[in-house]
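# Structural description and commentary
Take a look at the letters that make up each chain.
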Amino acid sequence: MSEEPAPARPFDLVVFGGTGDLTQRKLLPALYHHERDGQLREGSRIFAISRQDLGDDDYRDQADGWVRRHLPAADIDGEVLGRFRERLHHLQVDATEPGDWASLAAALTDQPERVRVFYLATSPDLFGPICQHLAEQQLNGPASRVVLEKPIGFDLASAKAINDKVGAVFEERQIFRIDHYLGKETVQNLMVLRFANALFEPLWNAAAIDHVQITVAETIGVEGRGAYYDRSGALRDMVQNHMLQLLCLLAMEPPVRFQEDGVRNEKLKVLRALKPLEGDAVAKNTARGQYRAGIGDGAQVKGYLDEEDIPADTRTETFVALKLEIENWRWAGVPFYLRTGKRLPQRASEIVIQFRSIPHSIFHADAGRIPPNRLVVRLQPDEGITLQMVSKAPGAGRLRVRPTALELSFAEQFKVRSPDAYERLLLDVMHGDPTLFMRRDEVEAAWSWVESVLAAWAGSDDAMKTYTAGTWGPSTAIGLIERDGRTWHEDTG
Ligand code: BG6
């Protein structure tokens, strides 16, 4: 059993996009784990909404298959899955059909008091219309919550339009904007590392830190999501949300409490302090590329332009590297290098905090090189923390120094399954805790920063380079950091 308490009351969870990829791969497996861990109160129900003509039993059979396919066999307990199936219902709803919305309302009205969570795992164009229909059926009362999956819009204007439409019928406290990176155990651990240890915080500033690197590398390509991805690209898909959120947690001032507005106010201040990248600064501080045919996960893979649903002349980037600065007292002058891409050599997400070099070495010149200390936080896989230090090499002879590492592996330390991000976030929605969700102003501040980069890119197609699948992106990404006399962290490139 998990230590996390079950929500106090039974709930009704209504998932729009009930047969979609996210529901299959993430939501149902996460909910199954909650069933197994006793976190779904008796009577809680899950309604999957789609346009398909499916009865409850058809849907339950499909869901059974998805849960088995997306979880390790050892996690599946037939009895638990049997119980879980009974909670599932399918409703056919066509957004343009008023009668369908009335039947959704009718399915829920027998339990007027309970918490209702509407999970919108659909295209963002539908967020506004769905919320409007829910309001027409009076399903937006104080006990209702709405969860919005990313992307929240395509740019600042569309994000504002979505936020306006959703905000017209739900109050901000009822709106949960998901960034699943915030639900990752290791991402939450960043806050614990910083604010539950006295050791790091006094050093967490420009006086002690030389620079920061954030890498989110994937080996996968666009995985059948070509139509979505090509409109998006790496900057919109990964940087606007996940990577800027990581940056915020790393760079923010200590919140007064680990509580919704405490954390969100501090993150917002970081976004607002980001130095805008505009005009010529964009070419100098960004690198982007598209993968060509090469190696992916050990096999020969095609290039981006040959993937399904990708136009032959597209300029969408599958890799981006950026150099950012935060204009405030804590971080003035400290560069933050970010990079993310598809079809890179390994799946590795990590944060590297590189401290300044020692001011002077007291050891004789051939004692060995004294590299600066680095704190490496591995977000996935192999979650853990490494503190790179320098130690004396053993031996009675002339003193020599060697790089060494203090290692913390979460798997070895805690020996428990690390829950998927969606497990944590779904439970938070049911508890009504928005701390790990994005507030409207954060989403809009992030879009506002990203937009000037997109605008400059639109006028400079020649800066788009290609890279072979299975390599660390275009050479311009290496140039971006090496120009400053620094290198990407060697374990990941
Ligand atoms: C999603 C992006 O938000 O995050 C995907 O749309 C990406 O393109 C995914 O693959 C990465 O998430 P994770 O949890 O696998 O690192």
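Data block above holds the structure.
Residues numbered from 1 in each chain as written. Predicted model: local features only at pLDDT ≥ 70, side-chain atom pairs only at ≥ 80, totals over all residues. Heavy atoms only, no water.

On to the site of the ligand. Residues in contact with the ligand amount to 13 residues; listed here are only the nearest, Tyr181, Lys184, Glu218, Asp237 and Lys342. Lysine 342 places a side-chain nitrogen or oxygen 2.7 Å from an oxygen atom of the ligand. Against a free-state accessible area of 400 Å², the protein chains account for coverage of 83% of the ligand. Ranked by residue count, the leading element in the shell around the ligand is helix α8 (residues 226-251), at 3 residues. (Near = heavy atom within 4 Å. Polar contact = N/O pair within 3.5 Å; in protein donor to acceptor, adjacent residues only side chain to side chain. Areas by Shrake-Rupley, 256 points an atom, 1.4 Å probe, with all protein chains shown as cover. Helix = DSSP H or I, 4+ residues; strand = E, 2+ residues; numbered from the N terminus.)

What follows covers the nonpolar core. Within the largest apolar cluster, 147 residues are counted, with the highest numbers of intra-cluster contacts made by Phe16, Phe84, Leu104, Tyr119, Leu244 and Phe336. With 13 residues, the single largest contributor to this core is α8. (Core = buried A, V, L, I, M, F, W, Y, C linked by side-chain atoms within 4.5 Å. Buried < 20%, exposed > 50% of the residue type's maximum accessible area, 1.4 Å probe, protein only.)

With that out of the way, let us pick up helix α2 (residues 56-70). Along its 15 residues, α2 runs 21 Å from first to last C-alpha, staying within 8% of the 21 Å computed at 1.5 Å per residue. Those residues of α2 that fall on the buried side of the exposure criterion are Tyr59, Arg60, Ala63, Asp64, Trp66 and Val67. Where α2 is buried, its residues meet α1 (21-36), β2 (45-50), α3 (78-87) and β3 (88-92). (Expected span 1.5 Å × (residues − 1). Contact = heavy atoms within 4.5 Å.)

Inspection of every chain in the model, using the stated rule, returns 12 aromatic pairs. Note on phenylalanine 200 and tryptophan 204: the rings are 6.4 Å apart at their centroids and 70° apart in plane angle, and the pair reads as edge-to-face. The exposure class assigned to phenylalanine 200 is buried, which follows from its relative accessible area of 11%. With 6.4 Å between their ring centres and 70° between their planes, tyrosine 291 and tyrosine 467 make a pair best called edge-to-face. Of this pair, tyrosine 291 sits in strand β8 (residues 286-292) while tyrosine 467 sits in strand β17 (residues 464-468), placing them 176 residues apart in sequence. For the pair tyrosine 291 and tyrosine 467, one class covers both residues: buried. These aromatic residues form a ring-pair network of at least three members: Tyr229, Tyr291, Tyr304, Phe319 and Tyr467. When the ring centre of phenylalanine 154 is taken as reference, the NZ or CZ atom of arginine 236 above it lies at 3.8 Å. The side chain of arginine 343 reaches across the aromatic face of tyrosine 291, ending 6.0 Å from its centre. (Phe/Tyr/Trp six-rings, centres within 6.5 Å; stacked < 30°, edge-to-face > 60°. Lys NZ or Arg CZ within 6 Å of the ring centre and 35° of its normal.)

Now for the sheet that holds β3. Through backbone hydrogen bonds, the strands of a sheet pair up, either in parallel or in antiparallel fashion. The strand order across the open sheet formed by 6 strands is β3-β2-β1-β4-β5-β6, and the pairing between neighbours is parallel. Edge positions in the sheet fall to β3 and β6 (175-177), since each of these pairs with one other strand and no more. Shown here is a sheet whose adjacent strand axes are inclined to one another by a mean of 20°, direction ignored. Relative to strand β4 (residues 115-120), strand β1 (residues 11-16) runs parallel, the two sharing 6 bridges. Considered in β4, the bridge of leucine 13 is made with valine 117. (Pairing = 2+ DSSP bridges. Axes fitted to C-alpha atoms, helices over the stretch in contact; angles between N-to-C directions.)

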